[in-house]
There are 2 protein chains.
Amino acid sequence: MRQTFDEHADPSFGSKHLPLIRQELRRQGLDGFLIPHEDEHQNEYLPDANERLSWTTGFTGSAGAAVVFSDKAAVFVDGRYTLQVKAQVDPALFDARDLVQGGVPLYLQETGKPGQIIGYDPRLHSPDALEGLKAAAAKAGAVLKPVDENPVDIAWSKERPAQPQAAILPHPVRYSGEESGSKRSRVGAVLRDAGAEAAVLTAPSSIAWLFNVRGGDVIRSPLPLGQAILRADGTAELFLDPVKVTEDLPAFLGNQVALAPPEALPAALAALKGRKVLVDPSQSSAWYFDTLAAAGADVVRGADPCALPRACKNAVEIAGAKAAHVRDGAALTKFLYWLGGEAQSALPDEVEVVSRLEGLREATGALKDLSFDTIAGAGPNGAVVHYRPTLKTNRRLEPGQLLLVDSGAQYLDGTTDVTRTVAFGEPSPEMRERFTLVLKGHIALARVRFPEGVTGSSLDALARMALWERGLDFDHGTGHGVGSYLGVHEGPHRIAKAPNLIALRPGMIVSNEPGYYKTGAYGIRIENLQYVTPAAPIAGGERPMLGFETLTLAPIDRTLIEPTLLEAAERAWLNAYHARVLNEIGPLLDAPERAWLVKAAAAI
Amino acid sequence: MRQTFDEHADPSFGSKHLPLIRQELRRQGLDGFLIPHEDEHQNEYLPDANERLSWTTGFTGSAGAAVVFSDKAAVFVDGRYTLQVKAQVDPALFDARDLVQGGVPLYLQETGKPGQIIGYDPRLHSPDALEGLKAAAAKAGAVLKPVDENPVDIAWSKERPAQPQAAILPHPVRYSGEESGSKRSRVGAVLRDAGAEAAVLTAPSSIAWLFNVRGGDVIRSPLPLGQAILRADGTAELFLDPVKVTEDLPAFLGNQVALAPPEALPAALAALKGRKVLVDPSQSSAWYFDTLAAAGADVVRGADPCALPRACKNAVEIAGAKAAHVRDGAALTKFLYWLGGEAQSALPDEVEVVSRLEGLREATGALKDLSFDTIAGAGPNGAVVHYRPTLKTNRRLEPGQLLLVDSGAQYLDGTTDVTRTVAFGEPSPEMRERFTLVLKGHIALARVRFPEGVTGSSLDALARMALWERGLDFDHGTGHGVGSYLGVHEGPHRIAKAPNLIALRPGMIVSNEPGYYKTGAYGIRIENLQYVTPAAPIAGGERPMLGFETLTLAPIDRTLIEPTLLEAAERAWLNAYHARVLNEIGPLLDAPERAWLVKAAAAI
């Protein structure tokens, strides 16, 4: 098994670790210290060695922060984690506060005292976030001070895991579809257009994409941790721990890419003196800006120049995504066959559900990793949006309950992410109504055609309209970008209520995952991946339009659909989708599975 | 007649005025000069005295810019004005370029020469725009230099109209719904929360709203041109030309508001030395930032603190808006009665259409002004989005054509803005299809319910979906805020593809105006004003939802609707709307008009 069901942290972490941190704060003459979830790579997932927030507080969510003062401390989480933080963090030691409403700045403003010196690690904060934090501290009369040595790292030094050293392997052009040299020329031209002579790249996904390499430093995604300096002429320096550099990597990278150890990075930044250097303040920490400024470089703030080309998949990547989704869809359909048959009477628990699905994906022989820990939420656990089953929370299914399974896989040719919700026994009319409203949203976002220039923010409401009409909504984004054998959450595009400036462009893969959650009862989510593609010509149409083509192939539970709530066009979409599932996945199944799929994919 | 049909400018302006401007540039040692459309009040509509762009180029659109060099010049317009600029500006003297794609910055970058000094008037440019312009000029090696005396004003001095001096009148609380003192306390608290001790207010609509005054300095809106400094304790200084101060104004303003002449403003800004002062970089020009910085004030950049409370109309303002829309709806329905009857055979021209409508509004006895020049576009003129009929462009209607009429009025109790499209003779099947697609979008945006926090950007796609599905779209925003006896275009909220961070809140008035335009043939737009209000409780609903209530009351041309394209819920909305029009407007009509309305508002 790749997935485990242990808790990596618990509420005792606070009482065990806070005294060690406070001791180090005293030694450094600090009154407090900021502990963001992010590490020095500003990536969503962290290696164990960088889980500073969880080591400090016990909280294991994927976003958050803590502030430790000598006499008090607080932990900050967003709406997804309000239940989880109560279970994981000792309330006697940490105030639990909202990460988004006010967040750390408001806490500093309210709690800071005149004259206090509050430390921060400049490698862990974006320069923009730091501005806000400094201003908030100043309102209380306190001062933020960068530290050389992170007090958490020192307090943790005895038991802290080592930094990851996974081998970095070439990702051949039969998967990437474009040589690194070609990518570097293209991005170099973007730099020139932005008036920059070089760019500092720190996002692991950009390193992976630009140099056509994959690593294993971060669980669930084949990311190499490192940094690069790309020059406008397409040449580059790539900073990687030499332990991770495999024998054939230098030849694969070619003579336009100089390999260097991480220790050489400060000197390389200093050598950019007088140069116009592009750095992305949302990807690179304040340390880069401070270091470049101190070196006398002319820093141009701008978006990571790899983000947009990385998001627009080429024909080879789309073909790979399709192959990966057929493979993954067959495994998932076998799993749904089990859920719809044997499991209905066996009534498995969540751990058994997760294990079964992982086993079926492993049996493809192509599985490199899961793309994230499988969420299998039985009954009320399905309503916990970012749930992950553990031995402590594991629930056995009961008749009349829903099971929500959100899962994905990493294959060399593509990354998958899919959610299906399945009924055990007879679903209630309310469950069927809510499921159908979610399905209507999903279909609206699958069917929409739109002109060039439209962003995901403009399309988000389509997935919510049917729920809104009945006074319902869901509290997460509707769609995220997905990498090509890279991170399962990838920008710069997104479908969400929050504004996003990035227009949807052909080749972008995005999830379509509306949901509905009834706390204490059940959760519903229907998620397919789909990619942006020019729409077929429309009779009488005047403008070139874009649309989506669905990648994910697995049946949607028909017993949860209330057909009278569907309009004709919605029904037509569903039936055409199911016909496609049967056509593409059917041949990969054995006879009983196929017979089941024929019924599961029947027209409605 | 309030509206006139003359051209205020023509293509000869360039050859007459450019030499005068260039002479002044030489005198001031400048190689070039930037001429934005905006004036020192950064308001949409300008007094004649500040129409510098039109005096320079001949172009009279509501947005644009020009750059004049000694040997060349360019005029910049957006997509709405590409036809108009060709008719109004001499192409031998001005390159016509895109205002949005690249705009003035790209032109400076491409055309500027090393060592050139390009002047700008710091009172006319926002600080953010100026940053981009300076960076672009620097790429060409040129330098931007602020001028003390605007070269256009000097070149124009002989024939330039005087600055407006309209009397400023109290706007009593029976219309405003809240005393100025209460507003100043509320906004003062916003300042304190933002960490500011004072705010500099320069938006004429903010001055009008905050002090409950109305003026007449700008045509089509009762705006007073002036500036104010509001302190966090609610006291204020108001800078107005003494000529405009009416006798009872000082007593109305009370002793918390000190009146001062405009000449006192620089000294008052200088007196803010050491204070934290909020200034809105999107409303106040670079001159304010430069002056405050030079005085040693601590400038806090932030949104105009009046913008959001001004947008959220109180109960008195909403009641006023309803009364204004009933009054205006009756005038408009009488106009539509004429269009649907007598005019069908009389075939009026656009000028006659505009005159008729103005006459009917004038006959209410309550008309203070139009809220903008009426757009009456017959046939192909309807496809020119920001068309205004002139004696030169005036077209007579022909059978088989569409007439698009976008108009509005200023009443003491409210501002209206409405568009109806009416068929002359038998409309083509394509016209009916396109009209019905636009209507579907209008209805989707009228019916939607949405939770708190949703912005107009999220709702924009609802108004376009039906068009997108057929490969069609329209190239303007879907909805703008509207003032309460103030500007007909008012922020901070907006319904558009472009991102907008302002959530829709109860009391906000917004237009709902999708359209479709076929160049050279016809234009369609259906526009009602609607305001945000808590939605009626929904059975089974879990969250408080918001919705819209429609303000505008006038029939929508049934002969242009293809009923088979409407879904049941859409038909129900249309029939309920028409029943309401009949119910509220019917009693205000004479017998033949009412008989016509009964048919025009019949269920479909």
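What you are looking at is a predicted structure, and each value in this text was computed from that prediction instead of being measured.

*Asks:* Tell me about the overall build of chain A, and please be specific about residues and values.
*Replies:* Assigned secondary structure in chain A consists of 21 helices and 28 strands. Over its C-alpha atoms chain A spans a radius of gyration of 25 Å, differing by no more than 12% from the 25 Å that the globule rule assigns to 604 residues. For the C-alpha atoms alone, the extent of chain A along its principal axes is close to 70 × 55 × 45 Å. Within the span of chain A, comprising 604 residues, buried residues form 58% of the whole. Across chain A, the fraction of contacts at a sequence separation of at least 24, relative to all contacts at a separation of at least 6, is 71%.

*Asks:* How would you sum up the packing of aromatic side chains? Please name residues and give values.
*Replies:* Residues and elements named next belong to chain A. Per the stated rule, a full pass over the model turns up 20 aromatic pairs over all chains. An angle of 35° between the planes, with centres 6.1 Å apart, marks the rings of Phe335 and Trp338 as tilted. Of this pair, Phe335 and Trp338 both sit in helix H14 (residues 315–340), separated by three residues, roughly a single helical turn. Here Phe450 and Phe548 contribute two aromatic rings whose centre-to-centre distance is 5.4 Å and whose plane-to-plane angle is 45°, an arrangement assigned as tilted. Here Phe450 is found in strand S21 (residues 450–451), whereas its partner Phe548 is found in strand S28 (residues 545–550), with 98 residues between them in sequence. Per residue, the accessibility class of Phe450 equals that of Phe548, and both read buried.

*Asks:* I'd like a rundown of the packing of helix H17 (residues 429–447) of chain B against helix H20 (residues 568–585) of chain B, residues and numbers included.
*Replies:* All names here are of chain B. At their nearest, the axes of H17 and H20 sit 10 Å apart, and the two run at 80° to each other. When the axis of H17 is compared with that of H20, the two are roughly perpendicular. Facing H17, whose interface residues are Leu439, Lys440, His442, Ile443, Ala446 and Arg447, H20 presents Ala569, Glu570, Trp573 and Leu574. Of the residues assigned to the contact of H17 with H20, the class counts are six nonpolar, one polar and three charged.

*Asks:* Got a sec to walk through the pairing of strand S5 (residues 117–120) of chain A? Specific residues and values, please.
*Replies:* Across a regular strand the side chains alternate sides, sitting on one face of the sheet and then on the other. Residue and element names in this part refer to chain A. The sheet contact formed by strand S1 (residues 32–36) and S5 spans two bridges and is parallel. Within the sheet, the bridge partner assigned to Phe33 lies in S5 and is Gly119. Bridge analysis of S5 against strand S6 (residues 143–146) gives four bridges, and the strand direction is parallel. Its bridge partner being in S6, Ile117 is matched across the sheet by Val143. Between the parallel elements S5 and S6, the chain passes through helix H5 (residues 127–139) in a crossover that is right-handed.

*Asks:* Residues and numbers for the sheet that holds strand S17 (residues 402–407) of chain B, please.
*Replies:* Residues and elements named next belong to chain B. Taken together, three strands build an open sheet; the order of strands is S16-S17-S20 and the sheet is antiparallel. Both edges of this open sheet fall to strand S16 (375–378) and strand S20 (418–423), since each of them pairs with a single strand only. Between one strand axis and the next, the sheet turns through 10° on average, direction left out of account. The sheet contact formed by S16 and S17 spans four bridges and is antiparallel. Bridge pairing links Ile375 to Asp406 in S17.

*Asks:* Break down the interface of chain B and chain A for me, with residues and values.
*Replies:* You'll often see interface size given as the accessible area lost when the parts meet. In this assembly, 33 residues from chain B lie in contact with 33 residues from chain A. Both faces considered, chain B and chain A share a buried interface measuring about 2,900 Å² in area, 52% of it formed by carbon and sulfur atoms. Sorting the residues of chain B by area buried against chain A places Trp468, Glu542 and Arg543 of chain B first, and these three jointly supply 20% of that buried surface. Summed over the shared surface of chain B and chain A, the number is six salt bridges. A salt bridge links Arg434 of chain A to Glu542 of chain B; the shortest N-O distance between them is 3.4 Å.

*Asks:* Before we move on, could you go through the relation of the copies chain B and chain A and cite the residues and values that matter?
*Replies:* Of the two same-sequence chains, chain B is brought onto chain A (RMSD 0.0 Å, axial shift 0.0 Å) by a rotation of 180°. Between the two chains, the operation in question is that of a two-fold axis. Mapped onto chain A, 100% of the interface residues of chain B again fall at the interface, so both copies present the same surface.

*Asks:* Any chance you could break down the state of the cysteines for me, citing the residues and the numbers?
*Replies:* Note: disulfide means a covalent bond formed between the sulfur atoms of two cysteine side chains. Residue and element names in this part refer to chain A. Throughout the structure, instances matching the rule amount to zero disulfides over all chains. The structure places no disulfide on Cys306, whose sulfur is separated from the nearest cysteine sulfur, that of Cys312, by 13 Å. A relative accessible area of 0% means that Cys306 is categorised as buried.

*Asks:* Which residues make up the pattern of salt bridges, and what values do they have?
*Replies:* Within the structure shown, the criterion is met by 76 salt bridges over all chains. With a shortest N-O distance of 2.8 Å, Arg27 of chain A and Glu24 of chain A are connected by a salt bridge. Of the two residues, Arg27 of chain A and Glu24 of chain A both sit in helix H1 (residues 12–27), three residues apart, roughly one turn of that helix. Accessibility expressed as a relative area gives 7% for Glu24 of chain A, which makes it buried. One salt bridge in this structure joins Glu570 of chain B and Lys440 of chain B, with 2.9 Å as the shortest N-O distance. Taken together, the residues span a long stretch of sequence, with Glu570 of chain B in helix H20 and Lys440 of chain B in helix H17 at a distance of 130 residues. Here Glu570 of chain B and Lys440 of chain B have matching classes, each one buried.

*Asks:* Now, about the environment of Pro19 of chain B: what can you tell me, with residues and values included?
*Replies:* Residue and element names in this part refer to chain B. Position of Pro19 among the secondary structure elements: in helix H1 (residues 12–28). Of the residues examined, Pro19 reaches a relative accessible area of 45% and is grouped as partly exposed. Once the C-alpha coordinates of Pro19 and Ala74 are considered, the two residues, 55 residues apart in sequence, prove to be 15 Å apart.

*Asks:* Just give me the short version of helix H12 (residues 286–295) of chain A, but keep the residues and values in it.
*Replies:* All names here are of chain A. The element H12 is extensively covered by neighbouring structure, given that seven of its ten residues are classed as buried. Inspection of H12 places Ala286, Trp287, Tyr288, Phe289, Thr291, Leu292 and Ala295 among the buried residues, and these make up the whole buried set. Each element contacted by the buried residues of H12 is listed here: H5, strand S8 (198–201), strand S10 (227–231), helix H11 (265–270), strand S13 (276–279) and strand S14 (298–301). Taken from the residues just after H12, Gly296 is the one with a positive phi, measuring 85°.

*Asks:* Could you give me a rundown of helix H9 (residues 204–211) of chain A, with the residues and numbers involved?
*Replies:* Residues lying three or four places apart along an α-helix face the same way, a consequence of the helix completing one turn every 3.6 residues. Among the eight residues that make up H9 of chain A, eight are buried, leaving the element largely enclosed by the rest of the structure. Phi turns positive, to about 55°, at Asn212 of chain A, one or two residues after H9 of chain A.

*Asks:* Could you give an account of the side chain of Ser221 of chain A, with specific residues and numbers?
*Replies:* Here Ser221 of chain A lies in the loop between strand S9 (213–214) and S10. On the basis of relative accessibility, which here comes to 7%, the residue Ser221 of chain A falls in the buried class.

*Asks:* Now, about the pairing of strand S1 (residues 32–36) of chain B: what can you tell me, with residues and values included?
*Replies:* In terms of residue burial, S1 of chain B counts as a mostly covered element, since five of its five residues are buried. Neither face of S1 of chain B is open: one carries Gly32, Leu34 and Pro36 of chain B, the other Phe33 and Ile35 of chain B, and all of them are buried.

*Asks:* So what's going on with the packing of helix H20 (residues 568–585) of chain A against helix H21 (residues 591–600) of chain A? Which residues, and what values?
*Replies:* Residues and elements named next belong to chain A. At a minimum axis separation of 9 Å, H20 and H21 run at an interaxial angle of 165°. Judged on the interaxial angle alone, H21 and H20 are roughly antiparallel. As for the relative orientation of H20 and H21, their crossing is left-handed in sense. Seen from H20, the contacting residues are His578, Val581, Leu582 and Ile585; seen from H21, they are Leu597, Val598 and Ala600. Here the contact of H20 with H21 is composed, by residue class, of six nonpolar, one polar and no charged.

*Asks:* Talk me through the side chain of Arg310 of chain A; I want residue IDs and the actual numbers.
*Replies:* Residue and element names in this part refer to chain A. Structurally, the position occupied by Arg310 is in helix H13 (residues 307–311). Owing to a relative accessible area of 6%, Arg310 belongs among the buried residues under this scheme. Those residues in contact with Arg310 that lie beyond four places of it in its chain are Ser205, Ser206, Trp209, Asp304, Leu486, Glu490 and Gly491.

What counts and what doesn't
- Residues numbered from 1 in each chain as written.
- Chains lettered and ligands numbered in written order.
- Predicted model: local features only at pLDDT ≥ 70, side-chain atom pairs only at ≥ 80, totals over all residues.
- Heavy atoms only, no water.
- Helix = DSSP H or I, 4+ residues; strand = E, 2+ residues; numbered from the N terminus.
- Rg over C-alpha atoms; globule rule 2.2 N^0.38 Å.
- Buried < 20%, exposed > 50% of the residue type's maximum accessible area, 1.4 Å probe, protein only.
- Contact = heavy atoms within 4.5 Å.
- Phe/Tyr/Trp six-rings, centres within 6.5 Å; stacked < 30°, edge-to-face > 60°.
- Axes fitted to C-alpha atoms, helices over the stretch in contact; angles between N-to-C directions.
- Parallel < 35°, antiparallel > 145°, perpendicular 65-115°, else oblique.
- Nonpolar A, V, L, I, M, F, W, Y, C, P; charged D, E, K, R; others polar.
- Pairing = 2+ DSSP bridges.
- Right-handed = clockwise from strand over helix to strand, strands pointing away.
- Buried area = accessible area lost by both parts, 1.4 Å probe.
- Salt bridge = Lys/Arg side-chain N within 4 Å of Asp/Glu carboxyl O.
- Least-squares fit on C-alpha atoms with pLDDT ≥ 70 in both.
- Disulfide = S-S within 2.5 Å.
- Left-handed = near helix turned anticlockwise from the far one by under 90°.

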